[in-house]
Amino acid sequence: MSSNFQLVVRKGANPGQVFPLDLTEMFIGRDASCEIVINDTEVSRRHAKIFISGQGFVIEDLGSTNGTFLNGQRISGPQAMIPGVIIGLADSTTLQFEVSEFDPDATRAAGPTPEFNQTFVSVPPQSYSSSPMVSVPTPSPMQSVPPVPPMQSVPPPPVYSGQVPSSPNRNMTPPKKKSKLWVIILIVVLFLMCICVGLVIVIDQMNLYCDIAPGIMNSFFGAGSCP
């Protein structure tokens, strides 16, 4: 079987090595029994298979350890190849699928075709001396455009003595001060209550009721309560 396709090693152990695809099925791998032997430790013994299917070649990975790639994409099943595709075996070897430069069965090109006798008709040059010349009207001179008067500046509006300048925050309501007054009153009341509670506790602990108000104690608790 003769084929016009081949594999060329672009990267690997022997760059430039050519493998013609002249069988219907060819194995690629490190094993010597393969039709395409690649001496690379990263390539499996039987790495991939190339076979004819329909009108073209198909490549299939045979469960290799480091994988088979087509234009950088790892394949998991049979993939059709087109001329120019790059086949990657692992990360160290690449082969290019291309058409052979010489095809012994190709049709030969025919010889040059004879030239046709062409008859050229000479056209006499046209004479322009007999045609009357057309006078072109002289353009009228450009009229001068009067200068544009300068723009007058608009004076600013007058400011009166009694006028209050507008403020962007005029509509804002002033903060309320009554709330602060109520807070101060509440603090004073709480402070006085604390003082009263403290005096009651001191008087009760030191038993100073008779010293401070003996009359009130005798009236509430009976005569003789306070000496």
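Placed above this text is the structure.
In short, a report on the structure.

This paragraph deals with the sheet that holds strand 5 (residues 48-53). Here we have five strands laid out as an open sheet, ordered 4-3-5-6-9, and mixed in their pairing. Strands with a single pairing partner mark the edges of an open sheet, and in this sheet they are strand 4 (36-37) and strand 9 (79-80). One ladder, built from two bridges, connects strand 3 (residues 25-29) with strand 4; its direction is parallel. Across the sheet, the residue bridging to I28 is I36, located in strand 4.

This paragraph deals with the state of the cysteines. Counted under the stated rule, the structure contains zero disulfides. Here C196 stays free of any disulfide, with the sulfur of C194 as its closest cysteine sulfur at 9.3 Å.

Let us look at the pairing of strand 11 (residues 93-99). Burial analysis of strand 11 places five of its seven residues in the buried class, the great majority of the element. Bridge analysis of strand 1 (residues 5-11) against strand 11 gives six bridges, and the strand direction is antiparallel. Across the sheet, residue L7 finds its bridge partner in strand 11, namely F97. Hairpin connection, strand 10 (residues 86-89) to strand 11: the antiparallel pair is bridged by three residues, and A90 has positive phi, about 60°.

Strand order in the open sheet formed by six strands is 2-1-11-10-7-8, with antiparallel pairing between adjacent strands. Each edge of the open sheet carries a strand with a single partner, namely strand 2 (18-20) and strand 8 (73-74). Note that strand 1 and strand 2 share three bridges and pair antiparallel. Residue pairing in the sheet places Q6 in a bridge with P20 of strand 2.

Summed over the entire model, instances satisfying the criterion amount to three salt bridges. For E98, the salt bridge is made with R10, and the minimal N-O distance between the two is 3.0 Å. Of this pair, E98 sits in strand 11 while R10 sits in strand 1, and the two are 88 residues apart along the sequence. Looking at E98, the relative accessible area reads 18%, which means it is buried. Residue classification places R10 among the partly exposed positions, given a relative accessible area of 43%. For the salt bridge of K49 with E60, the shortest nitrogen-to-oxygen distance reads 4.0 Å.

Calculation rules
Residues numbered from 1 in each chain as written. Predicted model: local features only at pLDDT ≥ 70, side-chain atom pairs only at ≥ 80, totals over all residues. Heavy atoms only, no water. Pairing = 2+ DSSP bridges. Helix = DSSP H or I, 4+ residues; strand = E, 2+ residues; numbered from the N terminus. Disulfide = S-S within 2.5 Å. Buried < 20%, exposed > 50% of the residue type's maximum accessible area, 1.4 Å probe, protein only. Salt bridge = Lys/Arg side-chain N within 4 Å of Asp/Glu carboxyl O.

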